[in-house]
Amino acid sequence: MDLTGKTVKLHDMCLRDGMHAKRHQITTEQMVSVASALDDAGIHLIEVTHGDGLGGASINYGFPASTDEDYLQAVVPRMKNAKVSALLLPGIGTVDHLNMARDCGVHTIRVATHCTEADVSEQHISSARQLGLDTVGFLMMAHMVEPQQLLEQGKLMEAYGANCIYCTDSAGYMLPDDVSARIGTLRAGLEKDTEIGFHGHHNLAMGIANSLAAIEAGADRIDGSAAGLGAGAGNTPLEVFNAVLDRMGVKTGVDVFKLMNVAEDVVVPIMDQLIRVDRDSLIMGYAGVYSSFLLHAKRVGEKYRIPSGDILVELGKMKTIGGQEDMIEDVALNMARARRELKVAQ
Amino acid sequence: MKVNAALVGSGNIGTDLMMKALRSDWVNPVWMVGIDPDSDGLAKARQSGLKTTHAGVDALLDHIETDDVKIAFDATSAYVHPENSRKLEQRGVLVVDLTPAAIGPYCVPPVNLQEHIGRQETNVNMVSCGGQATIPLVAAVSRVQPVKYAEIVATVASKSAGPGTRKNIDEFTRTTANGIERVGGAKQGKAIIILNPAEPPMIMRDTIHCLTEDTPDEAAITGSVREMIGEVQKYVPGYRLKNGPVFDGRRVSIFMEVKGLGDYLPEYAGNLDIMTAAALRTGEMLAEEMINGTLRQAAVNA
């Protein structure tokens, strides 16, 4: 693979996707310290919000340590070069949240929908564009549709005003060929000046390989997170990816050693558990389950004494999608009842 | 004796409502208004003997007196509703609003239909499908003890969410959250909606989480929830408790499924049924009042 001379924007997810792995308990002080270190290493764009985006604070997804507004107000003014992005899922957050984030000084709004539901994002994408923000359409669980269908959804977002369209592997299910096909189709079918992005999860340890395939197929932006801090087995570990890109002659503008230090010295110490391909993450990658379900399934599994892997497999069979965290407890209750009934019958 | 009614909006909701209204003892659907001449809803309305127009609400206005239209159900969109409502109310038509525009007071029949009787309201709002499916259960908890915060997650099949719903997703979350507070009785409300494209389409699911101010009285809440489910089942038989109430500290969680009657869209689209059945129930209440003479026709210029 020859990527020599290409330029790629790296977008760090520690302080948003990483919130899932921290049960949304990252403090504002930790946010400032991680973001400042990433800024110093040369990261261009840093995402900051609740793991489920603006307005994600809830019983369903978890209440965060601080509000989105507090996080953004703490981080944005401390950035020297880096810009801050915020995620928004229509159906969870609204244009009111988007306006709040703009007032806090975010540079980028990423409007995320399931890969077949782009038409719920019109209000949010057009508002972000009218506000002059860098506006990204973020198509989640993109493994669930064929490349052509993904392109049709991307075109809707482009028409609403998005200047960048993402193929998002929320379940960490894709293999490099899946990524090449989707990014290639987006690149061929979207306007020339629309950027393309890829967001990976490391559930099958494909984060790096998939992100390279994305660049080869024409991606301009790649998401990852320092030390991989993110949902499931984490995101593409950005310090590793940056080193790989450096070896391959791809320009990122990010200092290889400084980013290693951020990962090792700033991010790893705030982890509650090792971010690795454990059995449950592997199940999610193998079965195509939304990565953010991981800790919810572990907690509920413990409560009802059901193996979390069984719950995740069932959620995959039910074709649940991002946002349906409420079904995790529902599934566990059904399984617990079925097991009780089985015992009685025996 | 029945009261003549018009259906404004020929999408999923308007068409499902028409099919239910054709069976009503109090309401007689006579007009359906659309904007798309090829709409399936208008074709169904013509087959059922209704007069139709694809020229929007203005085309209906000339026929209000001759066809004695007294109630209009608006199932267009939050953006269009205010203007529709203004025109209809000016002609003395009472409006039942199925969009999340929420100009008028909220009506969730099993909770507060009685309160609307005798109020002389000219526009009543039905909150949202998710609101109709969940607010009764928030109220079932809050009538037992104070609820500090209530949150609902409504998941509907993609196929059951038409373009109006999709364009109005912010209005859905805001209006439903307000309804959770004002009608459900929670101090603070939050609403989440998910559209799931699975095939075959999934039946509507609704999860209701409440945080009570003090330790929840499990027996009283469980009893109240079961009683309320029975009330809703009177007009939506497929309203079913899947799990719960689950008690976890001060959290009370209830997991519901809403299966529709399969009138216009198949049974999975319980979100249509719960909305249209509630709206029809509200329209019937207004019709009953008119027939009994307890409600004057509320024309501004009359």
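For the structure itself, look to the data block above.
Every value quoted in this text rests on a predicted model; they were computed, and no experiment measured them.

It is worth spelling out the packing of aromatic side chains at this point. Residue and element names in this part refer to chain A. In the structure shown here, the tally under the stated rule is three aromatic pairs over all chains. Both rings, one in F138 and one in Y166, keep their centres 5.3 Å apart while their planes meet at 40 degrees; by these two values the pair is tilted. Residue F138 is located in strand β5 (residues 134-140), and its partner Y166 is located in strand β6 (residues 164-168); the two are separated by 28 residues in the primary sequence. In this structure F138 comes out as buried when scored by relative accessible area, which is 3%. In this arrangement the basic side chain of R110 is found over the ring face of Y166, its NZ or CZ atom lying 4.8 Å from the centre.

Residue and element names in this part refer to chain B. The interhelical angle for the contact between helix α5 (residues 109-116) and helix α6 (residues 129-142), taken along N-to-C directions, is 85 degrees, at an axis separation of 9 Å. Considered as vectors, α5 and α6 are oriented roughly perpendicular to each other. Contact residues: P109, P110 and V111 in α5; Q132, I135, P136 and A139 in α6.

This part covers unusual backbone geometry. Trans is the prevailing form of peptide bonds, just as negative phi is the prevailing case for residues other than glycine. Residues and elements named next belong to chain B. Each neighbour pair has its own omega, and for E199 with P200 the value is -5 degrees, a cis peptide bond. By secondary structure assignment, the location of P200 is in the loop between β8 (186-196) and β9 (204-212). The omega torsion across G244 and P245 is 0 degrees, close enough to zero to call that bond cis. Structurally, the position occupied by P245 is in strand β10 (residues 239-248).

The next thing to look at is the sheet that holds strand β7 (residues 147-157) of chain B. Two modes of strand pairing occur in sheets, parallel and antiparallel, and in both the strands are linked by backbone hydrogen bonds. Residue and element names in this part refer to chain B. Strand order in this open sheet of five strands is β8-β7-β9-β11-β10, and the pairing throughout is mixed. Strands with a single pairing partner mark the edges of an open sheet, and in this sheet they are β8 and β10. Averaged over all pairs of adjacent strands, the angle between their axes in this sheet comes to 15 degrees, without regard to strand direction. In this structure, β10 lies alongside strand β11 (residues 251-258), joined through seven bridges in antiparallel fashion. What sits directly across from V246, in β11, is S253. Helix α8 (residues 169-182) contacts β7 and β8 of the sheet and is inclined by roughly 145 degrees relative to β8.

Thresholds applied
Residues take numbers from 1 onward in each chain, read along the sequence in its written order. Ligands are numbered from 1 and chains lettered from A, in the order in which they are written. Selection of residues for local features in this predicted model requires a pLDDT of at least 70, selection of side-chain atom pairs for listing and counting requires 80 or more, and totals for whole chains, interfaces and linings are taken over all residues. As a convention, hydrogens and water are excluded, and side-chain values are obtained from all of the structure's heavy atoms. By convention, a stacked pair of Phe, Tyr or Trp rings (six-membered ring in the case of Trp) has centres within 6.5 Å and planes under 30 degrees apart, an edge-to-face pair has planes over 60 apart, and any other such pair is tilted. A run of H or I in DSSP counts as a helix once it spans at least four residues, and a run of E counts as a strand once it spans at least two, with each numbered from the N terminus. Using a 1.4 Å probe on the protein chains alone, a residue whose accessible area is under 20% of its type maximum counts as buried, one over 50% counts as exposed, and one in between counts as partly exposed. Comment: the charge-over-ring label is applied if NZ (Lys) or CZ (Arg) is within 6 Å of the ring centre and within 35 degrees of the ring normal. To define axes, lines are fitted to C-alpha atoms, for helices over the stretch in contact only, and angles between the resulting N-to-C directions are given on a 0 to 180 degree scale. Each angle receives one of four descriptions, namely roughly parallel if under 35 degrees, roughly antiparallel if over 145, roughly perpendicular if within 65 to 115, and oblique otherwise. Throughout, a residue-residue contact means that at least one pair of heavy atoms, one from each residue, lies within 4.5 Å. By this definition, two strands are paired if DSSP reports at least two bridges between them.

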